[in-house]
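Chain residues, written in single-letter form:
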Amino acid sequence: QVQLVESGGGLVQAGGSLRLSCAASGTGFTIGDMGWYRQAPGKQRELVAIITTGGSTLYADSMKGRFTISRDNGRNVYLQMNSLKAEDTAVYYCNAKAVFQSYIRSTWGQGTQVTVSS
């Protein structure tokens, strides 16, 4: 079973910073691409950033230059968020591709709330 656990959300003033963490656990698989998505109230879930196993990154345009995605031993992914704006307020979800022997499972964390006060 694959489990993703996020941490690091909270309340911050506009212009401030937060660092989100996500840890994958379980056995019988390796972790492929990992990423962060977010969902604001009344809106659809949207891509924030993705990082491949090779370290290549992709960001949504509105996050470029402010957010940085990184990963370490392959099972942890981070999102450093700087210069936060009120419109960054959302639930942030971690996503990982769990690579089993014969299939790949896209797995989501439970989400962590980020609230930016203006």
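Residues numbered from 1 in each chain as written. Predicted model: local features only at pLDDT ≥ 70, side-chain atom pairs only at ≥ 80, totals over all residues. Heavy atoms only, no water.

## Section: the sheet that holds strand S7 (residues 67-71)
- Here we have four strands laid out as an open sheet, ordered S1-S3-S8-S7, and antiparallel in their pairing. Lying at the two open borders of the sheet, with one neighbouring strand each, are strand S1 (3-7) and S7. On average, adjacent strands in this sheet sit at an angle of 15° to one another, irrespective of strand direction.
- One ladder, built from five bridges, connects S1 with strand S3 (residues 18-25); its direction is antiparallel. Residue leucine 4 lies in a different strand from S3, and its bridge partner there is alanine 24. (Pairing = 2+ DSSP bridges. Helix = DSSP H or I, 4+ residues; strand = E, 2+ residues; numbered from the N terminus. Axes fitted to C-alpha atoms, helices over the stretch in contact; angles between N-to-C directions.)

## Observations regarding the pattern of salt bridges
- For the structure on display, the rule yields four salt bridges.
- Aspartate 61 is paired through a salt bridge with lysine 64; the nearest N and O atoms lie 3.2 Å apart. The same class applies to aspartate 61 and to lysine 64, which are both exposed.
- The salt bridge involving arginine 66 is made with aspartate 88; its shortest N-O contact spans 2.7 Å. Remark: aspartate 88 occurs in the loop between strand S8 (76-81) and strand S9 (90-99) and arginine 66 occurs in the loop between strand S6 (57-59) and S7; sequence separation between them is 22 residues. When sorted by exposure, arginine 66 lands in the same class as aspartate 88, which is buried.
- Among the charged side chains, a network of salt bridges with common partners joins Arg38, Glu46, Arg66 and Asp88. (Salt bridge = Lys/Arg side-chain N within 4 Å of Asp/Glu carboxyl O. Buried < 20%, exposed > 50% of the residue type's maximum accessible area, 1.4 Å probe, protein only.)

## Description of the environment of serine 56
- As for its placement among the helices and strands, serine 56 is situated in the loop between strand S5 (46-51) and S6.
- C-alpha separation for the pair serine 56 and aspartate 72, spaced 16 residues apart in sequence, amounts to 13 Å.
- Other than its neighbours up to four places away in sequence, serine 56 contacts Ile50 and Ile51. (Contact = heavy atoms within 4.5 Å.)

## Some thoughts on the environment of glycine 28
- Of note, glycine 28 is situated in the loop between S3 and strand S4 (30-39).
- A residue is classified by how much of its surface remains accessible, and glycine 28, at 59% relative accessible area, is exposed.
- Spatially, the C-alpha atom of glycine 28 lies 6.5 Å from that of phenylalanine 100, the residues being 72 residues apart in sequence.
- When near neighbours in sequence (up to four residues on either side) are disregarded, glycine 28 contacts Val99 and Phe100.

## Considerations on the packing of aromatic side chains
- Tallying each qualifying case throughout the model produces three aromatic pairs.
- Relative to tryptophan 108, the ring of tyrosine 37 has its centre 5.0 Å away and its plane inclined at 65°; by these criteria the two rings are edge-to-face. One end of the pair, tyrosine 37, is in strand S4; the other, tryptophan 108, is in strand S10 (residues 104-108), and 71 residues separate them in sequence.
- The class of tyrosine 37 is buried, set by a relative accessible area of 18%.
- Since its relative accessible area comes to 37%, tryptophan 108 is described here as partly exposed.
- Considering the side-chain rings of phenylalanine 100 and tyrosine 103, the 4.7 Å spacing of their centres and the 10° angle between planes classify their relative orientation as stacked.
- In this structure tyrosine 103 comes out as partly exposed when scored by relative accessible area, which is 39%. (Phe/Tyr/Trp six-rings, centres within 6.5 Å; stacked < 30°, edge-to-face > 60°.)

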